[in-house]
Amino acid sequence: MDACSWSSQLVGTNLVIALVLAFGGEPLGAQVPVVGQVKNVTGSAVVVRGGEEMPVIPGLDLQESDSLRTGTDGSLGLTLRDGTRVSLGPDTKLHLASYAFTPAENQLALSLRLLRGTLAYVSGRIAKLAPAAVTIETPTSIIGVRGTHLLVSAE
Amino acid sequence: MGFHRVVLRGLLLLLLTAACAKPAGLVVLIPHPETGEIGGATVSAGGETVELTEPGHGTRVREGEQPTPPAPIPPAEVGQIFGAALAARAPAPVQFLLYFELGREDLTPESERSIPDIVQEIRRRPILDISIIGHTDTTGDAQFNMPLGMRRAVRVRDLLAAAGVDPALMELASHGEADLLVPTADEVPEPRNRRVELMIR
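Keep in mind it's a predicted model, so treat the numbers as computed, not measured.

(A) Focus on helix H4 (residues 115-123) of chain B. Residues and elements named next belong to chain B. Those residues of H4 lying buried are Ile115, Ile118, Val119, Glu121 and Ile122. Around the axis of H4, the buried residues are gathered within 160 degrees of arc, so they sit on the same side. Seen from the open side of H4, the exposed residues pointing more than 90 degrees away from its buried face are Pro116, Gln120 and Arg123. Taken together, the buried residues of H4 touch strand S6 (94-99), helix H3 (109-113), strand S7 (130-135), helix H5 (142-162) and strand S9 (195-200).

Pasting the structure below:
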């Protein structure tokens with residue numbers, strides 16, 4: 001066996017070991033990775049996932065591509081896996097456009113799209129490790145976030 | 001003639017409506033709620049980028065226009081617009097580092113003694129999730145260290161579970177020797193790299 005196929009086999013074996021370690025003995029749960037969790041909700045708020053709408057409750061696990069919407073009396077606060085905190089005021093629509101937090105593989109990304117309303121952002125580890133990886137888009141601008149606490153509104 | 005006037009009027013109306021409904025936004029930089037750190041941000045629109053570096057400064061952006069130069073935004077306006085979003089902010093996540101004996105999944109005595117503090121922090125939060133990530137130093141090969149990191153994470157989970165923490169709240173992973181806290185060459189025993197990073201969110 002030449003060096004190349006030997007090393008690729010090693011990589012393959014390692015991957016299998018890593019996967020077994022990551023999931024072995026643990027319930028697999030949802031196939032889609034959890035990117036964060038809603039910590040508090042007041043008033044009305046819904047999450048739109050794969051075209052389905054459901055009410056937001058504290059403890060709800062969030063996925064990439066979720067959209068959150070608060071009513072005129074609503075607000076909510078969430079924490080992403082890297083410790084980033086995002087909270088929304090009333091009459092707000094936010095899309096979790098992309099999220100990646102795997103520092104060991106250098107996969108770091110956070111992009112939020114604020115379509116309407118108000119947002120408070122407190123940076124977490126992604127902004128610390130890779131400031132260029134964090135963006136917030138609004139209908140009128142693109143924001144690059146180096147940290148640490150930012151307020152954004154969109155009409 | 002008549003047709004053109006109708007089109008012209010329609011166009012004018014459309015332009016007016018667009019001008020009235022022109023979306024606008026505001027971006028304000030404020031100090032970190034716990035550390036007071038300032039940080040910074042760039043705001044890009046209409047081919048122009050402005051930089052926010054001062055606490056309390058902000059920029060306004062209308063659709064298709066460039067961001068206004070950074071300037072102080074009156075606190076009353078910040079409170080009025082962002083009060084509800086600020087009030088909804090989740091509690092700050094807390095991170096703990098736990099250290100381990102060389103080549104084993106046994107915690108150092110000092111780290112083992114910090115378990116009650118961690119349990120106390122967990123009990124303070126009604127809605128929480130916890131990540132437990134095991135790491136190793138570069139002693140031994142990567143294939144040994146990946147499972148060692150996981151055994152360390154499992155040990156921490158078991159200690160917390162024994163203290164009454166629901167195991168379902170804890171997400172485990174190993175980075176083996178791939179994510180050193182203190183960069184070293186291969187085969188270097190480094191106590192600070194033999195760790196579990198625990199984040200309570």
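(B) Focus on helix H2 (residues 75-87) of chain B. In a regular helix each residue adds 1.5 Å, so 13 residues correspond to 18 Å; H2 of chain B covers only 15 Å between its end C-alpha atoms and thus falls short of that length. Val78, Phe82 and Ala85 of chain B are the residues of H2 of chain B that are buried. Buried residues along H2 of chain B sit against strand S7 (85-88), strand S9 (107-122) and strand S11 (142-154) of chain A together with strand S1 (24-30) of chain B.

(C) Local environment of unusual backbone geometry. Look at the link from glycine 147 of chain A to threonine 148 of chain A: it is a cis peptide, with omega at -15 degrees. Within the secondary structure, threonine 148 of chain A is located in strand S11. Phi is positive for asparagine 106 of chain A, which is not a glycine, with a value near 60 degrees. One non-glycine residue with positive phi stands out, namely glutamate 187 of chain B, at about 60 degrees. Relative to the elements of secondary structure, glutamate 187 of chain B occurs in the loop between strand S8 (170-176) and S9. For glutamate 187 of chain B, a relative accessible area of 46% gives the class partly exposed.

Parameters and conventions
Residues numbered from 1 in each chain as written. Chains lettered and ligands numbered in written order. Predicted model: local features only at pLDDT ≥ 70, side-chain atom pairs only at ≥ 80, totals over all residues. Heavy atoms only, no water. Buried < 20%, exposed > 50% of the residue type's maximum accessible area, 1.4 Å probe, protein only. Helix = DSSP H or I, 4+ residues; strand = E, 2+ residues; numbered from the N terminus. Arc of directions from axis to C-beta. Contact = heavy atoms within 4.5 Å. Expected span 1.5 Å × (residues − 1).

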